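# Topology and contacts: notes
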Amino acid sequence: MSKYSQDFLCEVYRRMYLIREFELRSIEERRRGLIPGFIHSCVGQEATAVGACLALNQEDVITSTHRGHGHLLAKGGEPKFMMAELAARSSGYCRGRGGSLHIADFDLGILGANGIVGGGIPAAVGAALAFSMRKEKRVALSFFGDGATNQGSFHEAANLAGLWKLPVVFFCENNLYGEGTPQSKQAPICDLANRSASYCFPGVIVDGNDPIAVYEVTREAVERARRGEGPTFIEGKTYRFRGHYEGDPQVYRLPGEMEEWLKKDPILTFRKRLLDEGETEEAIREIEQQVQQKLDEAVAFATSSPVPQLEDALSGVYADTHDGKVF
Amino acid sequence: MSKYSQDFLCEVYRRMYLIREFELRSIEERRRGLIPGFIHSCVGQEATAVGACLALNQEDVITSTHRGHGHLLAKGGEPKFMMAELAARSSGYCRGRGGSLHIADFDLGILGANGIVGGGIPAAVGAALAFSMRKEKRVALSFFGDGATNQGSFHEAANLAGLWKLPVVFFCENNLYGEGTPQSKQAPICDLANRSASYCFPGVIVDGNDPIAVYEVTREAVERARRGEGPTFIEGKTYRFRGHYEGDPQVYRLPGEMEEWLKKDPILTFRKRLLDEGETEEAIREIEQQVQQKLDEAVAFATSSPVPQLEDALSGVYADTHDGKVF
Amino acid sequence: MREISYSEAIREAMCEEMRRDPTVFLMGEDVGVFGGVWGVSHDMLAEFGEERVRDTPISEIAIIGAGLGAAMMGMRPIAEIMFGDFLMCAGDQIVNQVAKARFMSGGKAQVPLTIRVTTGAPGSAAAQHSQSPESWFMNIPGLKIVVPATPADAKGLLKTAIRGEDPVIFLEHKMLYGEVGPVPEDENFVVPFGQANIIREGKDVTIVGVSIMVKKALQAADVLAKEGIEAEVIDVRTLVPLDRETLIRSVAKTNHVIIAHEAHKRAGPGAEIAAMLAEDAVEYLDGPIVRVAAKNVPLPYSPVLENYVLPNVNDIVEAAKSFWPGKA
Amino acid sequence: MREISYSEAIREAMCEEMRRDPTVFLMGEDVGVFGGVWGVSHDMLAEFGEERVRDTPISEIAIIGAGLGAAMMGMRPIAEIMFGDFLMCAGDQIVNQVAKARFMSGGKAQVPLTIRVTTGAPGSAAAQHSQSPESWFMNIPGLKIVVPATPADAKGLLKTAIRGEDPVIFLEHKMLYGEVGPVPEDENFVVPFGQANIIREGKDVTIVGVSIMVKKALQAADVLAKEGIEAEVIDVRTLVPLDRETLIRSVAKTNHVIIAHEAHKRAGPGAEIAAMLAEDAVEYLDGPIVRVAAKNVPLPYSPVLENYVLPNVNDIVEAAKSFWPGKA
Ligand SMILES: Cc1ncc(C[n+]2csc(CCOP(=O)(O)OP(=O)(O)O)c2C)c(N)n1
Ligand SMILES: Cc1ncc(C[n+]2csc(CCOP(=O)(O)OP(=O)(O)O)c2C)c(N)n1
Ligand SMILES: [Mg+2]
Ligand SMILES: [Mg+2]
């Protein structure tokens, strides 16, 4: 770790902590009624999001999933616009039309969360195709879960990317479950990274709870992609600490499993490492406080933002060339 | 080879020759106007069909492709009902409704050719599921081309079969092209058999022009499946001697490629081997004559069969519980 | 008669059929341990075991395709697709394989496959989890499309689907799962396809309801009754086959017709119903055929917007009143 | 004006747009070396190179999905799907991703993606290669659906599709590829969406044609003229957006309407057109809205059966004459 500057390490922590606390806040705000829709929280999976996105430049792009808050925040998404979107306000990222499953910010290279498992993978490949055709040194990274690797969309997209050597990184967050079904009952293969062999690009397994390890493999994959050498499949082994969605009774967990993983909590572990690296408790508290303040502001912003106007529902279906209106 | 009886070897030849001649006949009859639709002939690929199907029992089932005549004949399909189907007669396998792309005979375990690349693979897995659930010792074998391995349907079906260890054999006829696009421009991987690793079952490569070699690997795969040990992926390397469809200008062939493969013509090669094994020229001629006679009869049968009645078009859409009629 | 929920009625139909026929089984994402994300198959795993209540990977193509293959080999699979929105992941299997297998094979393939799938907007689930795919496959010959609106119909129609020899898309509305109503306990209670149900008689206007809109049509009829308009409410029950006779007869009596469905208006199920009536019953019409349906925009997340986009009771009331502008 | 074929007109539109705009490119199965299985993109590889005329694997999901991603990143992909029947292989990408990206993102995603695809029965191609998917995606907000019937429209509408900011499903009828007609050479000749074309005026009956049925409608109009019936023939040109005004105006004049399309009758594009007219133009109707369309069975291989299932000129003539039974 010591090869990284304290600033960098603090930034890693800041983003991970932001994600964790954003998730807890939004769960709380959902309970309190500010947020009307479902939330699939990524509590426990902060390290993959942060490690991966830190390896990207702003002009690089990501596609995300139903469990996307972490990815978006890690890529630079503004908590207040996200919270406002979750609260279905017109100031939200999607003007209240999208909600948790569809947050996007094209300026930040966030091409969208996705409600369809595996649904965003082909678009990442398409973005990479655009970069490659225009000879831009940009990279597309697609986040998806272990369950998504059993979708036809993953297979077809990976094949095309491998074939055309496109600058794309396939980032699989293997959290051992797809909803209530364990990974072992969804695919006969344990290490999903091995699937990359079908498409002739490397597959790498990484401790998904270690943001630095994730950062390092992703950086390598991104550099490879930028050099025009094609895709990489990264499998981050991790675990989700909460239900598939908030309210999930979680009948499916194995006894003792959660306890084991809680010991590897990416936030707590990294916080300890930060202290070991010489960061002071006060400095860390300071970061945490800043995050909390940002989240207070986000909630306040969301709460005070107006709900959309009814006729808003009718625009944005088509482009401005048709007034964006439905027909 | 000598471990096989002369009878068996003659049967191999008989079936391969039947397929070759059936294809040439149907091409000829299409030219002459008896056959209205497209034909995707399997000339050059007889050995995969015959080798694979000889390893199956009658109660085993196959799903086939747009290039399916060989598979169906090898599985026991009657040339006359096939020819009548190609001629769109009511005596055809599908009563003239299906044509080349859709021939099926459920009594013979032929679950259907298919017009959709990769479209039949999931159904083979489903058939295997039925066998497995009922504890029947039957096996499903799915034929498909190299191109089909890039379809989502292949991936999802293979994953399910590997996961549930279903008695299914994935038989890929890699003829180096999908329509006019070489395999190398469709997938970055050269040996498609390696894709089976993604689903944790064996992948085997075999000389697809050698029916005995094909027979042996398929028999092993079938036995494995019957023992409940799950699927096998077999890749038969072969080549098609005619256009993708009859009429294809074949602009895409590499110079010299066809010549090389013609030297490995499965029919001629096997005929020579038969002679080497001590079969007499007369005995072989006898087989060939029988086949020709069968095909004469098939063409005569087709020609003399009536075309369907108009109202035939309206039945068979739904089951007899509704008179099979459209609503 | 004892009353149970729409959800329990569906579960009961599955359990009864699985008890009487060993070829019936259920597969889908999280149908087993989880009991279905909508809870419909709760505790079925315990009764029937892993072989017959099968958790699958997240592979819609494989689920439908395996259902097809198993059905052709004599099983009677019930394949669950979690959201109607995901049907399109298996579009080819449904449209080109399942629907056409029988016809293309000259009538030989039997495909007794029931595709259970949820439909409708559960509230702020946004554009990919709220769609009503009722009409998406109506253009495809070979499928039957079933839209139960009551617990009894849910049970009786599902039994017909499972016992039948044809592929059925069985659309369960998420917001009806909790609906409670009388459901016959008779194990052989079935509701045949192709018979619309006149659930309220009236002489002034026919309201044809699809799925949850039947309920709203009844509520609208109550409101209208107070204004002196007697609405006849018909639950279409199956879109394919469609009970043309019952609809035409009703329109012949009332001379006015509203079709209400939650799917988007354009090319929704109401388009076919309206077109059929415009072709076969136009002489009875004293006014336009009005469709009350979702607006032609993706379902928005915001409750305010969603509510604005979805059709409601008042839309039906207003549509009915528009036939008699003088009365308003 | 010089005359070229529908096929050449499409090729010309692509080539011209690719010359003027470096972000336009073509991808699909066998579009390059092979020149497209229908020959539409012949020799484009030679002019534009492998980067811009891309042969793809047989992966419809990847083709559409990559098109979406590239479009969102500022390219203008033309994604070719060989047969309309195969659209369903990429159903999710079309319905849940491409169509909704703009709306869900609050209007931020731009998806200038043109999906070129063939439609219609080319003759004995059977059930999986003959379908007319015109209506399959009409229920999905966010897509535009274009059905050119003439070489000029093929060119002009395709240019509008490529230059526009929205995803378009552009349906090319296989049996029109050889059709020859006048096509403007002007590089900026475009045909706007949402404008139906009255190609023959008449006062007795409106025939709304979709795709190849426009041609058959014109032939029917010739026959009808001899019997003293003056048909107005309208080429709908785009199904989404639909030019309601032109259709309503015509029906207001003729009071009779036939809708002709090659798609199956049930829930085909005519269902929506009929329903729209039954809602907005019912007062003008002096008879039923008749749909002339393929019967509701999968397309059979046999030419005799196929011919029986598909709609033809005579069906239109008979439909028109049925409005005046006395005349027969
Ligand atoms: C095509 C599709 N099928 C099913 C679902 C329902 N669903 C939503 S999330 C999910 C589990 C996804 O598992 P995984 O990919 O491992 O991601 P995780 O939730 O573990 O992050 C499922 C089945 C869906 N959204 N899309
Ligand atoms: C889903 C789908 N996409 C495209 C096609 C058009 N098509 C028919 S055969 C074929 C090539 C198939 O190649 P391969 O799987 O290698 O089989 P082969 O023809 O070589 O036997 C294509 C692209 C199709 N039928 N189905
Ligand atoms: Mg997971
Ligand atoms: Mg091939």
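As a starting point, this report considers the structure included with it.

Reading the values: the criteria
- Residues numbered from 1 in each chain as written.
- Chains lettered and ligands numbered in written order.
- Predicted model: local features only at pLDDT ≥ 70, side-chain atom pairs only at ≥ 80, totals over all residues.
- Heavy atoms only, no water.
- Helix = DSSP H or I, 4+ residues; strand = E, 2+ residues; numbered from the N terminus.
- Rg over C-alpha atoms; globule rule 2.2 N^0.38 Å.
- Buried < 20%, exposed > 50% of the residue type's maximum accessible area, 1.4 Å probe, protein only.
- Contact = heavy atoms within 4.5 Å.
- Areas by Shrake-Rupley, 256 points an atom, 1.4 Å probe, with all protein chains shown as cover.
- Lys, Arg positive; Asp, Glu negative; His and termini not counted.
- Charge placed at Lys NZ, Arg CZ, Asp CG, Glu CD.
- Least-squares fit on C-alpha atoms with pLDDT ≥ 70 in both.
- Donors = N, O, S within 2.8 Å, 3.2 Å for Na, K, Ca; no water.
- Near = heavy atom within 4 Å.
- Polar contact = N/O pair within 3.5 Å; in protein donor to acceptor, adjacent residues only side chain to side chain.
- Nonpolar A, V, L, I, M, F, W, Y, C, P; charged D, E, K, R; others polar.
- Pairing = 2+ DSSP bridges.
- Axes fitted to C-alpha atoms, helices over the stretch in contact; angles between N-to-C directions.
- Disulfide = S-S within 2.5 Å.
- Buried area = accessible area lost by both parts, 1.4 Å probe.
- Salt bridge = Lys/Arg side-chain N within 4 Å of Asp/Glu carboxyl O.
- Core = buried A, V, L, I, M, F, W, Y, C linked by side-chain atoms within 4.5 Å.

From N to C terminus, chain C includes 11 helices and 14 strands. Rg of the C-alpha trace for chain C: 20 Å, near the compact-globule value of 20 Å for 328 residues, within the 12% margin. Its C-alpha atoms put chain C at 65 × 45 × 40 Å along the principal axes. Each of the 328 residues in chain C was classed as buried or not, and the buried ones make up 74%. Taking as baseline every contact in chain C between residues at least 6 positions apart, the subset at least 24 positions apart corresponds to 82%. Accessible surface computed for chain C: about 8400 Å², of which carbon and sulfur atoms make up 50%. Where the 31 positive side-chain charges of chain C centre and where its 44 negative ones centre are 2 Å apart.

Right, let's get into the relation of the copies chain A and chain B. It takes a turn of 180° to lay chain A on chain B, together with a shift of 0.0 Å along the axis; the resulting RMSD is 0.0 Å. Both copies are brought into coincidence by an operation consistent with a two-fold rotation axis. When C-alpha positions in chain A are compared against the rotation axis, the closest is assigned to Gly 152 of chain A, at 1.7 Å. Looking at chain A, 100% of its interface residues are interface residues in chain B too, so the copies touch through the same face.

Quick look at the coordination of the magnesium ion (ligand 3) now. Residue and element names in this part refer to chain A. Coordination sphere of the magnesium ion (ligand 3), protein contribution only: Asp 146 (OD), Asn 175 (OD1) and Tyr 177 (O), at 2.0 to 2.1 Å. Along the chain, the residues donating to the magnesium ion (ligand 3) are arranged with the sequence spacing D-x28-N-x1-Y. Of this pair, Asp 146 sits in the loop between β2 (140-145) and α6 (152-164) while Asn 175 is found in the loop between β3 (168-174) and β4 (177-178), placing the two residues 29 residues apart along the sequence.

What follows is about helix α4 (residues 79-86) of chain B. Residues and elements named next belong to chain B. With six of eight residues buried, α4 lies mostly within the body of the structure. Buried residues of α4: Pro 79, Met 82, Met 83, Ala 84, Glu 85 and Leu 86, and no others. Summarising the contacts, the buried residues of α4 are in contact with α1 (6-32), α3 (69-74) and α10 (281-304). Of the residues flanking the end of α4, it is Ala 88, one or two places downstream, whose phi is positive at about 65°.

The next thing to look at is the site of ligand 2. Every one of the 22 residues lining ligand 2 counts as a neighbour, but His 66, Arg 67, Gly 115 and Tyr 177 of chain B together with Glu 60 of chain D are closest to it. Taken together, the residues near ligand 2 originate from chains B and D. A distance of 2.8 Å separates an oxygen atom of ligand 2 from a polar side-chain atom of Asp 146 of chain B. Side-chain polar atom of Glu 179 of chain B to a nitrogen atom of ligand 2: 3.2 Å apart, as the coordinates give it.

Another point: the site of ligand 1. Around ligand 1 sit 22 residues in total, of which His 66, Arg 67, Gly 115 and Asn 175 of chain A together with Glu 60 of chain C are the nearest. A distance of 3.0 Å is found between a nitrogen atom of ligand 1 and a backbone nitrogen or oxygen belonging to Val 117 of chain A. Between ligand 1 and the protein, one listed contact pairs an oxygen atom with a backbone N or O atom of Gly 147 of chain A at 2.8 Å. Expressed as a share of its isolated accessible area of 580 Å², the protein-covered part of ligand 1 is 97%. Grouping the constituent residues of the shell around ligand 1 by class yields eight nonpolar, nine polar and five charged.

In this section: the sheet that holds strand β6 (residues 144-146) of chain C. Residues and elements named next belong to chain C. Taken in spatial order, the seven strands make up an open sheet running β3-β2-β4-β5-β7-β6-β12, and their pairing is mixed. Edge positions in the open sheet fall to β3 (53-55) and β12 (238-240), since each of these has one partner strand only. On average, adjacent strands in this sheet sit at an angle of 20° to one another, irrespective of strand direction. With four bridges joining them, strand β4 (residues 76-81) and strand β5 (residues 114-119) adopt parallel strand pairing. The partner of Ile 78 across the bridge, within β5, is Thr 114.

Let us now look at the state of the cysteines. Simply put, disulfide is the name for a covalent bond between the sulfur atoms of two cysteines. Residues and elements named next belong to chain B. Throughout the structure, instances matching the rule amount to zero disulfides over all chains. Unpaired in this structure, Cys 42 has its nearest cysteine sulfur neighbour in Cys 53, at a distance of 11 Å. Owing to a relative accessible area of 3%, Cys 42 belongs among the buried residues under this scheme. Cysteine Cys 94 remains unbridged, with the sulfur of Cys 42 as its closest cysteine sulfur at 17 Å.

Our focus in this paragraph is the interface of chain A and chain B. Each partner contributes residues to the interface: chain A has 21 residues there, and chain B has 21 residues. With both sides pooled, the region where chain A packs onto chain B buries about 1700 Å², and carbon together with sulfur makes up 53% of that total. Run the count over chain A and chain B and you get zero salt bridges. Residues that form the side of chain A that touches chain B fall into these classes: eight nonpolar, 10 polar and three charged.

On to the environment of Gly 287 of chain D. With respect to the helices and strands, Gly 287 of chain D occurs in the loop between α9 (269-280) and β14 (289-294). Sequence separation between Gly 287 of chain D and Ile 258 of chain D is 29 residues; the distance between their C-alpha atoms is 10 Å. The contacts of Gly 287 of chain D, once residues within four sequence positions are left out, are Val 282 of chain C together with Asn 255 and His 256 of chain D.

Residues and elements named next belong to chain C. On the secondary structure map, Glu 262 appears in strand β13 (residues 257-264). Only 2.7 Å separates the side chain of Glu 262 from the backbone nitrogen of Ala 121, close enough to count as a polar contact. Side-chain polar atoms of Glu 262 contact the side chain of His 173, separated by 2.7 Å.

Moving on: the nonpolar core. In this structure, Phe 137 of chain C together with Phe 137 of chain D are the most contacted members of the largest nonpolar core, which totals 246 residues. Every residue in contact with Phe 137 of chain D, bar those within four places of it in the chain, is listed here: Met 88 of chain C together with Leu 87, Met 88, Ile 94, Val 95, Leu 143, Ile 145 and Ile 169 of chain D. Judged by nonpolar contacts, the second largest core, of 65 residues, contains Ala 52, Ile 62, Ile 110 and Val 139 of chain B.

On to the coordination of the magnesium ion (ligand 4), then. In a perfect tetrahedron of four donors around a metal, the angles come out at 109.5 degrees. In a perfect octahedron of six, they are 90 or 180 degrees. Residues and elements named next belong to chain B. For the magnesium ion (ligand 4), the protein coordination sphere consists of Asp 146 (OD), Asn 175 (OD1) and Tyr 177 (O), at 2.0 to 2.1 Å. Every donor residue of the magnesium ion (ligand 4) comes from the same chain, spaced as D-x28-N-x1-Y. In this pair, Asp 146 sits in the loop between β2 (140-145) and α6 (152-164) while Tyr 177 sits in strand β4 (residues 177-178), placing the two residues 31 residues apart along the sequence. Taking the relative accessible area as the measure of exposure, Asp 146 reaches 2% and is therefore buried.

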